[in-house]
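# Working through the structure, step by step
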Amino acid sequence: MAGKMLSIGECMVELMQAEGGMLRKGYAGDSFNTAYYARLFLPADWTVDYFTAVGTDIVSQELLTFIESTGVGTSHIRKIEGRMPGLYMIHLKDGERSFSYWRSASAAKLLADDPDRLRAAIEAVNVVFFSGITLAILSPLAAETLLAELRRAKAGGRNVVFDPNIRPRLWDDAARMRATIEAGARSATMVMPSYDDEATHFGDASVEATIERYRSLGAENVVVKDGANRVALSFAGDERVHVPASQVSAVVDTTSAGDSFNGSFLARLASGDSPAAAAAFAARVAAAVIGHHGALIGRDKLPAGSAQ
Ligand code: ADP
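Here the structure is a predicted model, which means the values were calculated and not measured.

## With respect to the sheet that holds strand E8 (residues 96-102)
- Ordered by their spatial adjacency, four strands build an open sheet running E3-E2-E7-E8, and the pairing between neighbours is mixed. Each edge of the open sheet carries a strand with a single partner, namely strand E3 (23-28) and E8. When strand polarity is set aside, the average angle formed by the axes of neighbouring strands in this sheet is 25°.

## So, the pattern of salt bridges
- For the coordinates displayed, the defined rule picks out 13 salt bridges.
- For the salt bridge of Arg 167 with Asp 197, the shortest nitrogen-to-oxygen distance reads 3.8 Å. Here Asp 197 lies in helix H7 (residues 195-202) and Arg 167 lies in the loop between strand E10 (159-163) and helix H6 (174-186), a separation of 30 residues in the sequence.
- Because the salt bridges share partners, they merge into one network encompassing Glu 198, Asp 204 and Arg 213.

## Brief notes about the site of the ligand
- Looking at the ligand, there are 16 residues lining it, with Ser 194, Gly 227, Ser 246, Val 248 and Gly 258 nearest.
- Between an oxygen atom of the ligand and a side-chain N or O atom of Ser 194, the distance comes to 3.1 Å.
- Gly 227 is positioned with one of its backbone polar atoms (N or O) 3.0 Å from an oxygen atom of the ligand.
- If the ligand stood free it would expose 560 Å²; the protein chains cover 83% of that surface.

## What to know about helix H1 (residues 30-41)
- Helix length check: H1 (12 residues) gives 17 Å between terminal C-alpha atoms against 16 Å at 1.5 Å per residue, within 8%.
- The element H1 is extensively covered by neighbouring structure, given that 12 of its 12 residues are classed as buried.
- Taken residue by residue, H1 has Asp 30, Ser 31, Phe 32, Asn 33, Thr 34, Ala 35, Tyr 36, Tyr 37, Ala 38, Arg 39, Leu 40 and Phe 41 as its buried positions.

## A short note on the confidence of the model for the protein chain
- The pLDDT averaged across the protein chain works out to 95; a share of 99% of its residues lies at or above 70.
- What the predictor reports for the complex is a pTM of 0.97 with an ipTM of 0.97.

## A word on the packing of H1 against helix H9 (residues 257-270)
- Following both chains from N to C, one finds H1 and H9 inclined at 40°, their axes separated by 7 Å at the closest point. As the angle between them shows, H1 and H9 are arranged oblique. Between H1 and H9 lies a crossing whose hand is right-handed. Every residue of H9 that contacts H1 at Asp 30, Asn 33, Thr 34, Tyr 37, Ala 38 and Phe 41 is listed here: Asp 259, Ser 260, Asn 262, Gly 263, Ser 264 and Ala 267.
- For the contact of H1 with H9, the per-class residue count stands at four nonpolar, six polar and two charged.

## A short note on the side chain of Asp 226
- Tracing the backbone shows Asp 226 in the loop between strand E12 (221-224) and strand E13 (231-234).
- Here Asp 226 occupies a buried position and makes no salt bridge, while the nearest side chain of opposite charge, Arg 230, is found at 6.7 Å.
- For Asp 226, the contacting residues outside a window of four places in its chain are Tyr 195 and Val 207.

## Some points on the pairing of E8
- Both strand E7 (residues 87-93) and E8 contribute to a ladder of seven bridges, which runs antiparallel. Looking across to E8, one finds that Tyr 88 is bridged to Tyr 101.
- Once E7 ends, the chain turns through two residues before running back antiparallel as E8, passing Asp 94 with a positive phi of about 50°.

## Some thoughts on unusual backbone geometry
- Residue Asn 165 is not a glycine yet carries a positive backbone phi of 35°.
- Judged by relative accessible area, which is 9%, Asn 165 ranks as buried.
- Despite not being glycine, Ser 256 has its phi angle at roughly 75°, a positive value.
- In this structure, Ser 256 sits in the loop between strand E14 (241-243) and H9.

## Digging into the sheet that holds E12
- Pairing is mixed in the open sheet, where eight strands are placed in the order E4-E1-E9-E10-E11-E12-E13-E14. Here the strands that pair on one side only, and so sit at the sheet edges, are strand E4 (46-51) and E14.
- As paired strands, E12 and E13 are joined by three bridges and run antiparallel to one another. Bridge pairing links Val 223 to Leu 233 in E13.

## Remarks on the environment of Val 248
- By the element assignment, Val 248 lies in the loop between E14 and H9.
- For Val 248, a relative accessible area of 24% puts it in the partly exposed group.
- Distance from Val 248 to Phe 265, taken between C-alpha atoms, is 18 Å for residues 17 residues apart in sequence.
- Setting aside its immediate chain neighbours within four residues, Val 248 contacts Ala 287 and Ile 290.

What counts and how
Residues numbered from 1 in each chain as written. Predicted model: local features only at pLDDT ≥ 70, side-chain atom pairs only at ≥ 80, totals over all residues. Heavy atoms only, no water. Pairing = 2+ DSSP bridges. Helix = DSSP H or I, 4+ residues; strand = E, 2+ residues; numbered from the N terminus. Axes fitted to C-alpha atoms, helices over the stretch in contact; angles between N-to-C directions. Salt bridge = Lys/Arg side-chain N within 4 Å of Asp/Glu carboxyl O. Near = heavy atom within 4 Å. Polar contact = N/O pair within 3.5 Å; in protein donor to acceptor, adjacent residues only side chain to side chain. Areas by Shrake-Rupley, 256 points an atom, 1.4 Å probe, with all protein chains shown as cover. Expected span 1.5 Å × (residues − 1). Buried < 20%, exposed > 50% of the residue type's maximum accessible area, 1.4 Å probe, protein only. pLDDT = per-residue confidence, 0-100. Parallel < 35°, antiparallel > 145°, perpendicular 65-115°, else oblique. Left-handed = near helix turned anticlockwise from the far one by under 90°. Contact = heavy atoms within 4.5 Å. Nonpolar A, V, L, I, M, F, W, Y, C, P; charged D, E, K, R; others polar. Lys, Arg positive; Asp, Glu negative; His and termini not counted.

The following block contains the structure:
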């Protein structure tokens, strides 16, 4: 059955070290990565749109051209005069990656400042995705605007999917971080956390504890990712299910493991797979993604998916 998905957040310009002191330019961000993988594996009669804000400069135009080249729609993206996309640089030293960010004045921080546009974009779709990073980049007031629209979407019967993606360095205050993540979960019908983050920041003693906590906040469905261990699924009305991670012979780059899992899982669920079948497929996609460098891996290197 045809449908529409919207992902909300920030896609940044990525600069990565290349040979001879050169820098290679790319584009990435958790919510965009999720949209990219959803687009790859959704049937052709689904649309996937990205919601963010960019500027009117050359870099913003290049970012929009890139997003369109992946098949993700850009018609809801706001253009704000005088703002630019955020940027980050990946440093590689002895095989370890570290990151520098220039995003404190990025256009995306203003993505919720036009609530009518936000509402129109959300009302046009069946599935909305957002993350803890989406919430972290917004001012407290803007985050509340976004959360209010998402609660409205949930009350209106839409699927609202939230990955807490907890990144303490994006928050100035740990208590506000936890409270806002909890508010995100309350606005969602499905929460897709990574267990290690939840254990660290909420003190969960087990994957089961993470499931219970998010269910008690009002998320009907919870999918807990746990790296090389199994994925735990708790869907309303169903028995809890565990799906093993796929084997990876050599982990090359774990960037986007969780995002590729999210996007391919949502695509298969929307296509009619059971949660367990969708998770088994998503685990295969995530395993392939971490076997390659970079966040956005081409379809030829991934398991065969939908009919697209
Ligand atoms: P995040 O990258 O968001 O922290 P996780 O580390 O939990 O997310 O990984 C997301 C998914 O990627 C896991 O559920 C699993 O399917 C896959 N994955 C991650 N690490 C491995 C690994 N070492 N071996 C196999 N699969 C993995």
